[in-house]
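Read off the chains here:
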Amino acid sequence: MKKRFLLIASSLLTLTFLPQLPTKAQQQSAQEYMELGIMQSRASNYAEAQKSFTLVINSSPENATAYFNRGYAKYNLKDHRGAINDFDKAIDLNPKYTEAYIARGMSKSKQDDNKGAIQDYNRAIELNPLDANAFFSRGVSKVKAENYKGALSDFNKSIEIVPDNAPSYIARGTCKQNLEDYKGSLEDFTKAIEISPKRPTPHVGRAFSKMKLNDFKGAIADYSKGLEINPEDAESLYHRGFCKSQIEDYSGALADFDKALTLDQESVGAYYGRGFAKNKLGNTKGAIEDYNRAILTGNLEKIKIVYSGPITKQILDELRNNVQERLKMAEMSPERSEVYFNRGLAKARLGDTKQAIEDYNKAIDLNPTYAEAYFTRGMVKSAMGDQRGAVQDCTNAIKLNPKYAEAYYVRGIIKQALGNTDGCFDLSKSGELGYNQAYNVIRDYCN
């Protein structure tokens, strides 16, 4: 009897709280607001669209599509929490609403909930294994989670389902870059350009891959095309400036770094690159000013490309007075010590040896394994008359880089000048490592 009473009570509750069905007029009004909201969304007027969909929900609270559309409007208004609430409701009303799972996943991704986002995409794929957008979106979340191989698999599937979607090729190309498959990424960006030539992103993406493959002229051409479409892209200007420096077009590089800095005054890399270009063009004071700005701006961890490389010098008398630099730019070194190192070079060129030593000290403090900084500091010490300090710095450089031919060469010359015949062994080692100038000194001083 008790069980039957519970069943009856349940039925009564259901009847009591059953929502009233909307009248025919309300249904018509809801449909009109739904159509209006869709039009407003298409016109990117999301604030008004949200209001229209709210009116639909007020008239028809069981309308899953209205919640979905309002969630979409909130997503575009960057109200991701509000969007998730609406997508939750849409899914409650329709548990097989594939698009709602994808949209909720996108909102979760914006909230850095990549695990939750992937779970939603998994459910969407269970409901529809041929939904390219679900695979694409899951791939994006996997990239954010640094699961590049998993992301690559998802982008492959997305392209298999929809072969002519430019964003999928762009995403896969970028994913391949993260996997250091630069040749493979070139193919994807090229395909994206074929599909959608007016998008700047694939031109810029292909340029970056070419830069990594040392095709600097090809990279410049692609960055230039991307900048034709989006001339306000400071990062592309910065990278194009780097590429121009690599082919020794320092005037062109200077112009690009100048323009990049008008767009982004906090670009440490652009100050650094401009300083390097000025240095190469003989504007040493201007170079120091830019290195100073790079240091003072802070955020040095943002530097994506810095300029460094081995130094060759000739020491003592005419050798020391004719110091020559052999600088090459190295990619993707995050060492903030490079800024101090290069500023030290510029200060030494101006004869400000005390300040140069301070900069080399700072570079070594920041990076105790920086062999070039020890070597160059040794060169300045030698010029200041501290030959023993110079020998010690060369020794430190050799400990860090046993194949540092120039350091053996310099240490050998200084040892000879100090009356230490061991210097000839260093000179011999320098020649053995490929520094042929050592044999000229051996011929004159070691025989």
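Every value quoted in this text rests on a predicted model; they were computed, and no experiment measured them. (Residues numbered from 1 in each chain as written. Predicted model: local features only at pLDDT ≥ 70, side-chain atom pairs only at ≥ 80, totals over all residues. Heavy atoms only, no water.)

## As for the environment of Phe 375
Turning to its location among the elements, Phe 375 is positioned in helix H21 (residues 371-383). Using a relative accessible area of 0% as the deciding quantity, one classes Phe 375 as buried. It is 9.7 Å that separates the C-alpha atoms of Phe 375 and Tyr 360, two residues lying 15 residues apart in sequence. (Helix = DSSP H or I, 4+ residues; strand = E, 2+ residues; numbered from the N terminus. Buried < 20%, exposed > 50% of the residue type's maximum accessible area, 1.4 Å probe, protein only.)

## Describing the pattern of salt bridges
Applying the stated rule across the entire model yields 29 salt bridges. Overlapping salt bridges, with partners in common, bring together Asp 88, Arg 104, Lys 108 and Asp 120 in one network. (Salt bridge = Lys/Arg side-chain N within 4 Å of Asp/Glu carboxyl O.)

## What about unusual backbone geometry?
Positive phi outside glycine occurs at Glu 146, with the angle close to 65°. Take Glu 146: it is sitting in the loop between helix H8 (132-144) and helix H9 (148-161). Even without being a glycine, Glu 248 presents a positive backbone phi close to 65°. Glu 248 gets classed as exposed once you look at its relative accessible area, which sits at 59%.

## Some remarks on the nonpolar core
One finds Tyr 291, Phe 341, Phe 375, Ala 397, Tyr 409 and Val 410 to be the most contacted residues of the largest nonpolar core, which totals 55 residues. Among the elements that make up this core, the one with the highest residue count is helix H23 (residues 405-417) (7 residues). Residues Ala 30, Tyr 46, Phe 87 and Ala 103 belong to the second largest nonpolar core, which totals 28 residues. (Core = buried A, V, L, I, M, F, W, Y, C linked by side-chain atoms within 4.5 Å.)

## Regarding the state of the cysteines
On inspection of all chains with the given rule, the structure shows 1 disulfide. Two residues share a disulfide in this structure: Cys 424 and Cys 446, whose sulfurs sit 2.1 Å from each other. Between Cys 424 and Cys 446 the disulfide shows an S-S torsion of about -95°. By sign, it is left-handed. With Cys 424 in helix H24 (residues 423-432) and Cys 446 in the segment after helix H25 (437-445), this pair connects stretches of sequence that are 22 residues apart. (Disulfide = S-S within 2.5 Å.)

## Some remarks on helix H19 (residues 337-349)
Over its 13 residues, H19 extends 19 Å from the first C-alpha to the last, a length consistent with the 18 Å expected when each residue adds 1.5 Å. Within H19, 11 of the 13 residues are buried, which leaves the element mostly enclosed by the surrounding structure. Along H19, the residues that are buried comprise Ser 337, Glu 338, Val 339, Tyr 340, Phe 341, Asn 342, Arg 343, Gly 344, Leu 345, Ala 346 and Lys 347. Gly 351, located one to two residues past H19, shows a positive phi value of around 85°. (Expected span 1.5 Å × (residues − 1).)

## A word on the packing of H23 against H25
Following both chains from N to C, one finds H23 and H25 inclined at 15°, their axes separated by 11 Å at the closest point. Overall, the two elements H23 and H25 adopt an arrangement that is roughly parallel. Once H23 is placed against H25, the crossing between them reads as left-handed. Residues Tyr 409, Ile 413 and Gln 416 of H23 form the contact with H25, whose participating residues are Gln 437, Ala 438, Val 441 and Tyr 445. (Axes fitted to C-alpha atoms, helices over the stretch in contact; angles between N-to-C directions. Parallel < 35°, antiparallel > 145°, perpendicular 65-115°, else oblique. Left-handed = near helix turned anticlockwise from the far one by under 90°. Contact = heavy atoms within 4.5 Å.)

## Quick word on the environment of Leu 296
Relative to the helices and strands, Leu 296 is located in helix H17 (residues 284-297). Leu 296 sits in the exposed class, given a relative accessible area of 72%. Here the alpha-carbon distance between Leu 296 and Val 268, two residues 28 residues apart in the chain, equals 9.1 Å.

Geometric values such as these leave the question of function open.
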